[in-house]
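# Structure assessment
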Amino acid sequence: MKTIVLTGGGTAGHVTPNIALIPFLKKEGWSIQYIGSKTGIEKDLITKENIPYHGISSGKLRRYVSLENLKDPFKVVKGLFDAYSLLRKIKPNLVFSKGGYVTVPVVLAAKLLGIPVIIHESDITPGLANKIASKGAKEICVNFPETLQYVGSKGVLTGTPIREELFKGDANKGRSLCKFTNHKPVLLMMGGSLGSVKINTCLREGLDTLIEDFNIVHICGKGNVDETLRNKEGYCQFEYAGEELPHLFAMTDLMLSRAGANALAEITALKIPNLLIPLSQNASRGDQILNAKSMEKSGYSLVLIEEDLTKDTLIKKLYELRENSNVYKNAMRSAMDISGTEKVMTQIRKYK
């Protein structure tokens, strides 16, 4: 039996594509193990998949000044020793890395041991972790054609693996979960696994106006549930949606989202008309802005820049989205299937 080590973490977006691959890997006879951080979101998500999980020391790769930057190089070095020891013990045939700072020591250790590595980059421009890790990779799977210019000859256009269960939701179960008893259009807001304070705030400020015309599902991030709105009719909050997500997607008519690449792959595959509010340049390296511009250019999304976000601009854009929802839906229907699962598996099979 061939063994593969999956790695990725920090946010759900660095984990869910790995989860999408798991049933296909099992079906083809791979033994699967996972290396992530000791306390990150990936630990909970992977443990639920009944995959052996190994936590290593990890330090965040920051682009800004912080006292933590003095400590983190030592954490990364410790992580490298941890990963080296684990990989020597596991002896995998392949490491598949989805990104996030925890993957850097894993990929570097794999290179030292001569273990082949495939990296997946979801965003248009590679993040810092993947830039460092790419030196140890045999191939770099990418989500956008524009990314190929940044990764050179190692690049392969695959799209992003998407969990099959997302296509198998039941709209009636979704309505039951949220206690929606009328047939108003459903607006789903998803701000990423960590949530978005600004979007959460503006949506709630506009809630009384919006629930006149929409049922609203608000996936607001850990610790961001507003208890004063817990029983508001036509409004349902989740910190994080796991098993519920397919059913929530199945009943969704419109979506409000950040512009993380994995969320965009799911939105496009599910053909949901959407308003994107990318993370601002001030709070990121600008990858979400590039992702959103690509989606807008393709005709798949309406975009609102975070600097222009207020209660009023949000309401205006959401009603604009509703009026033109068929335009966005038809554009996505004409797009190729970008789920990428089979294309990524094709690359993995080379090392079986």
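See the structure printed just above.
Residues numbered from 1 in each chain as written. Predicted model: local features only at pLDDT ≥ 70, side-chain atom pairs only at ≥ 80, totals over all residues. Heavy atoms only, no water.

## Digging into the environment of L248
Formally: Numbering of helices and strands runs from the N terminus; a helix is a DSSP stretch of H or I covering at least four residues, while a strand is a stretch of E covering at least two. In this scheme, a residue with accessible area under 20% of its type's maximum is buried, one over 50% is exposed, and one in between is partly exposed, where area comes from a 1.4 Å probe on protein chains only. Any two residues whose heavy atoms approach within 4.5 Å are treated as being in contact.
For L248, the location among the structural elements is in helix α10 (residues 245-251). Taking the relative accessible area as the measure of exposure, L248 reaches 0% and is therefore buried. C-alpha of L248 to C-alpha of G8: the two residues are 240 residues apart in sequence and 26 Å apart in space. If near-sequence neighbours (up to four positions away) are discounted, L248 is found in contact with G174, C178, V217, I219, F238 and A241.

## Describing the pattern of salt bridges
Going by this rule: Counted as salt bridges are all cases of a side-chain nitrogen of Lys or Arg within 4 Å of a carboxyl oxygen of Asp or Glu.
Counting across every chain of the model gives 10 salt bridges. The shortest N-O distance in the salt bridge between E266 and R163 comes to 3.2 Å. Linking E266 in helix α11 (residues 261-270) with R163 in the loop between β7 (155-157) and α7 (171-178), this pair joins segments that are 103 residues apart in sequence. Like R163, E266 is buried. Residue R322 pairs with E323 through a salt bridge whose shortest N-O separation is 3.6 Å.

## With respect to the packing of aromatic side chains
Formally: Within 6.5 Å between ring centres, the rings of Phe, Tyr and Trp (the latter by its six-membered ring) count as paired, and their orientation is classed by plane angle as stacked under 30 degrees, edge-to-face over 60, tilted in between.
For the structure on display, the rule yields 2 aromatic pairs. Taking the centre distance of 5.6 Å and the plane angle of 50 degrees together, the rings of F214 and Y319 count as tilted. Taken together, the residues span a long stretch of sequence, with F214 in the loop between α9 (207-210) and β9 (215-219) and Y319 in helix α13 (residues 311-323) at a distance of 105 residues.

## Notes on the nonpolar core
Test applied: We define the nonpolar core as a collection of buried residues of types Ala, Val, Leu, Ile, Met, Phe, Trp, Tyr and Cys that are connected through side-chain atoms lying within 4.5 Å of one another.
One finds I216, V217, L256 and L314 to be the most contacted residues of the largest nonpolar core, which totals 57 residues. Residues within four places of V217 in sequence aside, it is in contact with C178, F180, V186, L187, L188, M189, C236, F238, L248 and M251.

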